[in-house]
Amino acid sequence: MRRVRSLLANPWRKHRFLAAFSWVYVLWALLPVLIAIGFSFNAGRSRSAWQGFSLRWYVSDPDFSVLHDPLLRSAMAQSVKVAAATMLIATPIGVAMSLGLARWRGRGGNVSNFLMLLPLVTPEIVLATGLFFVFVHLFAFVSFGTTAQVFGHVTWAIPYVVVVMRGRLFAIGPEFEEAAMDLGAPPMEALRRVLLPLLAPAIFAAFMIVFALSIDDFVTSQFLSRGQTSTTIPMLIYGTGRTAPNPALNAIATVMLALSLSAVGVAVLMLTKVAKRRGGGEAEATGVVGFQI
Amino acid sequence: MRRLRRGREARSKGGIDLLYPRGFWQGLSAPGVLWLLLLFVVPFYAILATATGGVDPIFGNAIPQWNPLRWNGDAFGYVFQQLGVSDGIYHVVFLRTLRFVAIAVALCLLIGYPVAYYLSRLRGRYRSVMLVLVVLPFWISYLMRMLAWVGLLQDNGLVNHVLMTLGVIDAPRPWLEGQSVTVILGLAYGYVPFLILPLYAALERIDTSFLEAAWDLGASSFGTFIRVTLPMSKQGVLAGTAIILLPMFGDFYTAELLSGGRPETSMIGNQIVLLLQGSTLGSAQARGAALVTALAVLVSVLTLYYLVSTAKTTREARRS
């Protein structure tokens, strides 16, 4: 007992217990997913008994593989389509908003800032319900399916873009713009030719993060969908996860995982690189991966 | 010349923002603010209007009542009555949701705190590796992570196989058929990554000289932890708890995937989905909207408590 106690507190001691605990945690957190990925390469139809390696459920099965099953293909297309559209709409709006909110002083700025943070602390089911009613009763010109899903995702994504950009904006500070203006640049030129290029990596990272957020989203997509054609990959998992007859579902889930993780990976690389060049350390990249409210 | 003067003025007030045209920053914020007003604020009002609206006499679909003076409280009356009486449908579900969420959050803290603490004491390359591993689940779709457990928990799945080999159970246990323990563990598994990050951020900020001071003044290691580290990480614990508590209250997909939406593990979120997507009848829509409102109120009370407590701590920190 004494040993456990001292291990808990002494900052200089090697934390053997904590190290073991943490590694067990990492295994617990990741191993199930790795096993699920593994079964997507199963040669047989089972999702729980290994029958040899094959790419059957990705490409070669003529009826049920990700490549050939029309349901899986359509889910994949829908996920990518919604994520791409969300990314293209939410990022510019969010980038502009982050710049604006960082410098808009006074009551209006404070209220807008508060409004921007609210979606981050709202359970998704609440907003999804609200959007559902709004599109049924009020903005009836927004049709359910792709359009409504994109509108919903953009609403979620804007605050994330602002949070990512804000970290970078504070790290840059006003000095570069001041220097440009001292050298005679009009303010708008300073913004366009100095601040925006400095922000470029963060903007790119924001694009990637929005893409990943959107592709992983389930609740909003589900509430705002209409029919088979607007089914996304997470919705497919929700609908058929318990009854799926073969590992093709694991295969398409793996494809989704690869898409979102590579998007986030690119974003993190981008931000770590700039942070290092400026000697800022890894704090910013950490900020991206763990949004702090 | 004018620009120079404005420049000097701005710098004396300490803001570069004043050099830009008047209203420029407001203009940049406008699209985002407008978007959130139309598609975040208005939806909340639409929920209220649907909950207090009427039913079309011919088609039976919901008609929201946008005028607050003519709101009708039938749906709220029904939902609160069912929440209040001890044999009401929502009473049982609500108590179950509270129990599931409380146990899952406690589990998340028990698992997450040591990991976050360990992470905050690491340095250098090793820490980056560990950080990536801990953050990874954050970016794996929640549904994918639940799907992984559906595979493991099947009757002929790995979990039953291992437990039978070890002799813990004699026959395969139907983990996915309405077992509370599966749903609670599923919730803990699903949400713990979201707790670790804010906790890590808080623990990382603690200056180790405080720990040294406690040590030098003769505190035992356990005493140091209880009396220095734990209180100083209180904000992180609160923030992390808030971040996982709020979505957990509205969760319906965990129970659906891990127990097939069986009534014995049904949570508030499942009831909402049942009302809103199971029927197009106006009365069901209104009741669903009322239930969502109740959930939103509960959640905002918790958020408010968190915000007030954070503000208080910030003020105290500034004073000292």
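These numbers come from a predicted model, not from an experiment. (Residues numbered from 1 in each chain as written. Chains lettered and ligands numbered in written order. Predicted model: local features only at pLDDT ≥ 70, side-chain atom pairs only at ≥ 80, totals over all residues.)

Across its full length, chain A carries 13 helices and 0 strands. Secondary structure elements in chain A, listed N-terminal to C-terminal, are α-α-α-α-α-α-α-α-α-α-α-α-α. Taken over 293 residues, chain A has a buried fraction of 48%. (Helix = DSSP H or I, 4+ residues; strand = E, 2+ residues; numbered from the N terminus. Buried ≥ 20, exposed ≤ 12 C-beta atoms within 10 Å, placed from the backbone.)

A word on the overall build of chain B. What chain B contains, in helices and strands, is 14 helices and 2 strands. The globule rule puts the C-alpha radius of gyration for 320 residues at 20 Å, and the 26 Å found for chain B is more than 25% above it. When its C-alpha atoms are laid out on the principal axes, chain B stretches across 70 × 65 × 35 Å. Burial statistics for chain B: of 320 residues in total, 44% are counted as buried. Within chain B, residue pairs in contact and separated by at least 24 positions form 63% of the contacts whose partners lie at least 6 positions apart. (Rg over C-alpha atoms; globule rule 2.2 N^0.38 Å. Contact = placed C-beta atoms within 7 Å.)

As a packed pair, helix H7 (residues 146-172) of chain A and helix H2 (residues 24-51) of chain B sit with axes 10 Å apart at the nearest point and diverge in direction by 125°. Classified by the angle between their axes, H7(A) and H2(B) sit oblique to one another. Helix-helix and strand crossings are classified by hand; for H7(A) and H2(B) the assignment is left-handed. On H2(B), the residues touching A:Phe151, A:Thr155 and A:Ile158 of H7(A) are B:Gly32, B:Trp35, B:Leu36, B:Leu39 and B:Phe40. (Axes fitted to C-alpha atoms, helices over the stretch in contact; angles between N-to-C directions. Parallel < 35°, antiparallel > 145°, perpendicular 65-115°, else oblique. Left-handed = near helix turned anticlockwise from the far one by under 90°.)

Another point: the nonpolar core. Within the largest apolar cluster, 175 residues are counted, with the highest numbers of intra-cluster contacts made by A:Val161, A:Ile209, A:Val210 and A:Ile252. With residues up to four places along the chain from it excluded, the contact list for A:Val210 reads A:Thr86, A:Met87, A:Ala90, A:Thr91, A:Ala157, A:Tyr160 and A:Val161. (Core = buried A, V, L, I, M, F, W, Y, C linked by C-beta atoms within 7 Å.)

Let's shift gears to the environment of B:Ala104. Examined against the element boundaries, B:Ala104 turns out to sit in helix H4 (residues 89-121). If near-sequence neighbours (up to four positions away) are discounted, B:Ala104 is found in contact with B:Ile184, B:Leu187, B:Ala188, B:Tyr191 and B:Met248.

Here we take up the confidence of the model for chain A. When pLDDT is averaged along chain A, the result is 87, and 89% of the positions lie at 70 or above. Within the model, the stretch residues 280-293 of chain A combines pLDDT values under 50 with 38 contacts to residues more than four positions away or in other chains. (pLDDT = per-residue confidence, 0-100.)

For the rest of this paragraph, the subject is helix H8 (residues 180-205) of chain B. All names here are of chain B. An ideal rise of 1.5 Å per residue puts 38 Å on 26 residues; H8 measures up with 37 Å between its terminal C-alpha atoms. Considering bend angle alone, the principal kink of H8 is centred on Tyr191 and spans about 40°; proline Pro193 follows within four residues of it. Within H8, 21 of the 26 residues are buried, leaving the element largely enclosed by the surrounding structure. (Expected span 1.5 Å × (residues − 1). Bend = angle between axes of the 7 residues up to and from the residue.)

Moving on, we come to the environment of A:Ala253. Structurally, A:Ala253 is set in helix H12 (residues 248-277). In this structure A:Ala253 comes out as buried when scored by C-beta crowding, with 29 C-beta atoms within 10 Å. As a C-alpha pair, A:Ala253 and A:Met76 span 177 residues in sequence and 9.6 Å in three-dimensional space. The contacts of A:Ala253, once residues within four sequence positions are left out, are A:Ala36, A:Ile233, A:Ile237, B:Met144 and B:Leu147.

Attention shifts here to the confidence of the model for chain B. The share of residues in chain B with pLDDT of 70 or more is 95%, and the mean pLDDT across the chain is 87. Reported for the predicted complex are a pTM of 0.88 and an ipTM of 0.87.

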